[in-house]
Structures are given as C-alpha cells and as structure tokens.
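# Descriptive analysis of the structure
Take a look at the letters that make up each chain.
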Amino acid sequence: MAAREAGAETASDGRGKVTITEIARQAGVSVPTVSRVVNGRSDVSPQTRARVEDLLRRHGYRKRPQTTTSRAALLDLVFNDLDSPWAVQIIRGVEEVAHAAGVGTVVSAIHGRSGDAREWMRNLRARASDGVILVTSDLDPVLHEQLRILGVPLVVVDPTGSPDLDAPTIGAANWSGGLTATEHLLSLGHRRIGLIAGPPRLLCSRARFDGYRAALEAAGVPVDESLVVPGDFHPESGFTGCNTLLDLPEPPTAVFAASDQMALGAIEALRRRGLRVPEDMSVVGFDDLPEVRWSAPPLTTVRQPLADMGKLAVRTVLRLARDEQPDSPRVELGTELVVRSSTSAPRPDSTARAAP
C-alpha cells in the first residue's frame, strides 16, 4: 500500500506546478501508485514504475524535503448504517486481513444523508486514504464523480442497486440462498410458505424473493401473493410481518424471513400468540448471525459469508492499489443452508391459529 510522505504532492516542469494527480492521469494509474513510486515502494509492477518514473523525469520532478513522518497505509470502510449485527461481521473480516497486511482501517457511517456523505468525502481527502470499501452504493452522483477524480482504489460490497461507480463488487449468492431456504421447507412437506421480504430497492432483497418464487414454481406450488409481506431486515418488521401472516384466513405453516433479525421478530410474534416453533410454524432466516444458534429454538438459516466478503474486499482493494486487476468485476460468494431446530414437517392438522 502507498505510504504517502509529506512533500510528495507536486512536481515542477519549469513553467509551474504539476500535481501528482495529473501525473497519475497521464500515466493511467491511481494517485497512490504514483505516491508509491515517488516513495520508493516495491509493490508496483516494473512496467508501471517505468511509465511513472518517465513522466516524473519529463516534468522535472523534485521531491520536497520531508517535514513529517511517513503516514501508515490506510483504508476507508464506509457503511450506510452501523446498527445491524451483519455490519460487525463485515468489519471483523476487513480488520483481520487489513491487520495482517499492516493496513489501518477507518470505519464511517453516512446514514444515507448527503451531508454525512460530503463530510466523509472531505475527511477522505484530508487523510489521503489508500483505498475505499463501500458497503453501500447509495452515494450522490456528485460524490461518485469526486471519487472517480480522486483515483483512490474502490470496492463496493453487497451493492444496493446497480452501482454507477466503475468498481469491482462483492456480494453473496442471494438468489440461490432464497431458493435453498424455500426448497428446504418444501422438502419437509410445507406448501403454504410465507415470505417476510426485505426492502424491494435492495438487489439482495429482490434476489432472495426471486429464489423463493423459483423454488415454489419448480415444485408446482402456485405463488400466493398474500403470503408475501414487506420487511426492512429489522426485528420489528419481522414481528409485524408474521402477525400479518397469522391474521390471514389460512395462515402459512412455514415462513422464510429474508434476514435473521426478521426471523427472530417472527418467532417472538408466534410466542406471544401461544404458538410453538416449529410445531405450529417453521421459521427460516438468512445471514447466520452468531446469536441465532442460541435463539429458542436455534434458528435454521442461510449462512451468508459476511466476514469472507469483508476479507475479499480488502484483498481486492490491495490488488487495485498495486495496479492489478481483479479476476472478475463481480464476485458472488456462496451461501449455505444451516439446519437447526426451527423447522420440521407440518402437523397433519397444521394451521397456525391462536389468540390474537
């Protein structure tokens, strides 16, 4: 990673100042790459080093005397929010690989507010970060352009939509996860399977819903739209969604919640109605957060490799910082069904009804 030193910001061509940003543009590389060449770092390919050094010579570059100590390599890890347990899992993966590489990490949350995002961008420029990992793609287009101009290596994790940024993306196999969760319930004999869906604006939510639909259609089970209720990945929406399903004239015998937190909310809704899991209703979640193995009962869920996504994001941004291209611009890590005690075959007379 680049360790930019004070005084390595401009080059003189005899007619004025040429910024390192301009050198990077002419060389077709990132600003951190030029900085690594200037500072004598070894993690630059010979071809890139020769191209940058040639431009520095042509512009008559003279490095200014160092006035402060070298800055440690630094990555920015940016979330929309930090109030979900899965964010902690991504941070854990990022920190593990970054620490092993001797790279520091700055964690920020922009909360979907333009003011917060602009403040983060100002801070990013001030600390001259060597790379950015965005766990959101909901950035203002102006900030997208500013990131592009900065030339800092960028990776997007689990994008919420089709990212406008020309950057590698890392996600999970959400469609196959939704498919596997629903197929598991079908294999147990369930035919009325409810879905507490995630926010429709998110790609991962739509993919999990599409997997649910595909499993039902493959089994010849008609998709009943009344069994699909909205959620927002938080426990409260799982609680509300499950109550909506229980109030149907013919409630489902099983429910697939598109996040573990919503699954826990659904289990609480069932408990308050005097219903048992899985005897009266089976419940499947999505994420495999650490706490769900200790829920009552332990939750059957789809394991999303959140920590591994964070690890791969760091490895990818480090490759970009060395001017190496990733093997693929879009990587989806596999999901896995983890069967615990919250699912079973429906009872012959199973219809989840209890006191409201």
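Just so it is clear, the model here is predicted, and its values are computed rather than measured. (Residues numbered from 1 in each chain as written. Predicted model: local features only at pLDDT ≥ 70, side-chain atom pairs only at ≥ 80, totals over all residues. Heavy atoms only, no water.)

## Focus: the confidence of the model for the protein chain
On average, residues of the protein chain score 85 in pLDDT, and 85% of them reach the 70 mark or higher. Below a pLDDT of 50 lies the segment residues 64-71, which in the model reaches 17 contacts outside its immediate sequence neighbourhood of four places, other chains included. (pLDDT = per-residue confidence, 0-100. Contact = heavy atoms within 4.5 Å.)

## A short note on helix H1 (residues 20-27)
Residues of H1 that are buried: Ile20, Ile23, Ala24 and Ala27. Along H1, the residues classed as buried sweep out an arc of 100 degrees about the axis, all on the same side. Residue Gly28 follows H1 closely and has a positive phi angle near 70 degrees. (Buried < 20%, exposed > 50% of the residue type's maximum accessible area, 1.4 Å probe, protein only. Helix = DSSP H or I, 4+ residues; strand = E, 2+ residues; numbered from the N terminus. Arc of directions from axis to C-beta.)

## As for the sheet that holds strand E14 (residues 336-338)
Ordered in space as E9-E8-E10-E11-E12-E14, the six strands form an open sheet in which the pairing is mixed. For this open sheet the edge positions go to strand E9 (228-229) and E14, each flanked by a neighbour on one side alone. On the sheet, helix H9 (residues 235-246) packs against strand E8 (193-196), E9 and strand E10 (254-257) and is oriented at approximately 150 degrees with respect to E8. Contacts from helix H10 (residues 260-272) reach E8, E10, strand E11 (282-287) and strand E12 (300-303) within the one sheet, and its direction differs from that of E11 by about 155 degrees. (Pairing = 2+ DSSP bridges. Axes fitted to C-alpha atoms, helices over the stretch in contact; angles between N-to-C directions.)

## A short note on the side chain of Thr300
Position of Thr300 relative to the elements: it lies in strand E12. One polar contact links Thr300 to Thr343, side chain to side chain, over a distance of 3.1 Å. If near-sequence neighbours (up to four positions away) are discounted, Thr300 is found in contact with His184, Val283, Val284, Gly285, Leu337, Val338, Val339, Arg340, Ser341, Ser342 and Thr343. (Polar contact = N/O pair within 3.5 Å; in protein donor to acceptor, adjacent residues only side chain to side chain.)

## Comments concerning the packing of aromatic side chains
Using the criterion set out here, one finds two aromatic pairs in the structure. Residues Phe79 and Trp86 carry aromatic rings whose centres are separated by 6.5 Å and whose planes lie at 55 degrees to one another, so their mutual orientation is tilted. For the cation-ring pair, Arg208 lies above Phe286, with the distance from its terminal atom to the ring centre recorded as 3.8 Å. (Phe/Tyr/Trp six-rings, centres within 6.5 Å; stacked < 30°, edge-to-face > 60°. Lys NZ or Arg CZ within 6 Å of the ring centre and 35° of its normal.)

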